[in-house]
Structures are given as C-alpha cells and as structure tokens.
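Fold and geometry: a report
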Amino acid sequence: KTELYIQEEAFAYSCKLGLLDGAVKQIDARAFNDTALDILILANNAEVLNDGLWGCKLKDVVCVRNAQFHSSATHIIQARGINIHCLH
C-alpha cells in the first residue's frame, strides 16, 4: 500500500472525504479539520502531530504498528471517544 504524508490543512472542510487509499504515515496540523472522514488507517510507525485530528469527525483509527500520537492528539482522541484499534 502507498504511504501518505498529509500536509497541514490538506483536507480541511472537505465534507465528502470518506476513505483514503493507502496508509497514512504522517498527519500535519489541522489536516482533517471539519471533514467527514470516519475511519483512518495509520501506516507502520505513523506520526500524528499535535492537532492533526482537530475538528474531524473520526470514529475509528486503525494502527498497523508503532503509531506515535503527540500529546494534544491523544487528548483529542480521548475527548471525542475515538476508538483505537492496533494490529500487530
């Protein structure tokens, strides 16, 4: 699968974004702000920057292995009740 590097505000305000084809390697700030994305698949050793998930409507994140969430990304995940599924 293709590994994706999602730049700052890349999909911000995209109300039709549903599924990305490939595993996400890095998510920059506000990449998914106010998007309709509900499932995110992270590549091996993916990195989610501080507010990369801010404002998104995610319900589930699938981690292939060793994902790293910066501190405020963890707070966003907990506050929004996003489910984390880790595969090994």
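Small disclaimer: the values here were computed from a predicted structure and weren't measured.

A look at the pattern of salt bridges
Within the structure shown, the criterion is met by two salt bridges. Residue Arg30 is joined to Glu8 by a salt bridge in which the shortest nitrogen-to-oxygen separation is 2.3 Å. Of this pair, Arg30 sits in the loop between strand 2 (23-27) and strand 3 (39-48) while Glu8 is found in the loop between strand 1 (3-6) and strand 2, placing the two residues 22 residues apart along the sequence. On the accessibility criterion, Arg30 (25% relative accessible area) is partly exposed.

Re unusual backbone geometry
If you check the backbone angles, Arg30 has positive phi at about 50° while not being a glycine. The backbone phi angle of Asp34 is positive, close to 55°, even though this residue is not glycine. Its location among the elements puts Asp34 in the loop between strand 2 and strand 3.

Topic: a nonpolar patch on the surface
A cluster of nonpolar side chains, namely Ile39, Ile41 and Val64, defines an oily patch on the protein surface of about 200 Å² accessible area. Following the sequence through the fold, Ile39 ends up in strand 3.

With respect to the side chain of Asp60
Inspection of the secondary structure assignment puts Asp60 in strand 4 (residues 60-63). Nearest to the buried, unbridged Asp60 among oppositely charged side chains is Lys59, at 7.4 Å. Those residues within four positions of Asp60 in sequence are excluded, and the remaining contacts are Asp38, Ile39, Leu40, Ile82, Asn83 and His85.

Quick word on the nonpolar core
Residues Ile27, Phe32, Leu40, Leu42, Leu53, Leu58 and Val61 are the most contacted members of the largest nonpolar core, which totals 20 residues. Of all the secondary structure elements, the ones that give two or more residues to this core are strand 2, strand 3, strand 4 and helix 1 (71-80). Top element by residues in this core is strand 3. It accounts for four residues. Contact partners of Val61, with chain neighbours within four places excluded, come to Leu40, Leu42, Phe69, Ile82, Asn83, Ile84 and His85.

Digging into the pairing of strand 4
Residues Asp60 and Val62 of strand 4 are buried on one face, and the alternating residues Val61 and Cys63, pointing to the opposite face, are buried as well. Two elements, strand 3 and strand 4, share four bridges in a ladder whose sense is parallel. Residue pairing for strand 4: Leu42 is matched across the bridge by Cys63. Pairing of strand 4 with strand 6 (residues 83-86), which is carried by four bridges, proceeds in the parallel orientation. Directly across from Val62, in strand 6, lies its bridge partner His85.

Calculation rules
Residues numbered from 1 in each chain as written. Predicted model: local features only at pLDDT ≥ 70, side-chain atom pairs only at ≥ 80, totals over all residues. Heavy atoms only, no water. Salt bridge = Lys/Arg side-chain N within 4 Å of Asp/Glu carboxyl O. Helix = DSSP H or I, 4+ residues; strand = E, 2+ residues; numbered from the N terminus. Buried < 20%, exposed > 50% of the residue type's maximum accessible area, 1.4 Å probe, protein only. Patch = residues over 30% accessible without salt bridge, like charges linked within 9 Å, V, L, I, M, F, W, Y side chains within 5 Å. Areas by Shrake-Rupley, 256 points an atom, 1.4 Å probe, with all protein chains shown as cover. Lys, Arg positive; Asp, Glu negative; His and termini not counted. Contact = heavy atoms within 4.5 Å. Core = buried A, V, L, I, M, F, W, Y, C linked by side-chain atoms within 4.5 Å. Pairing = 2+ DSSP bridges.

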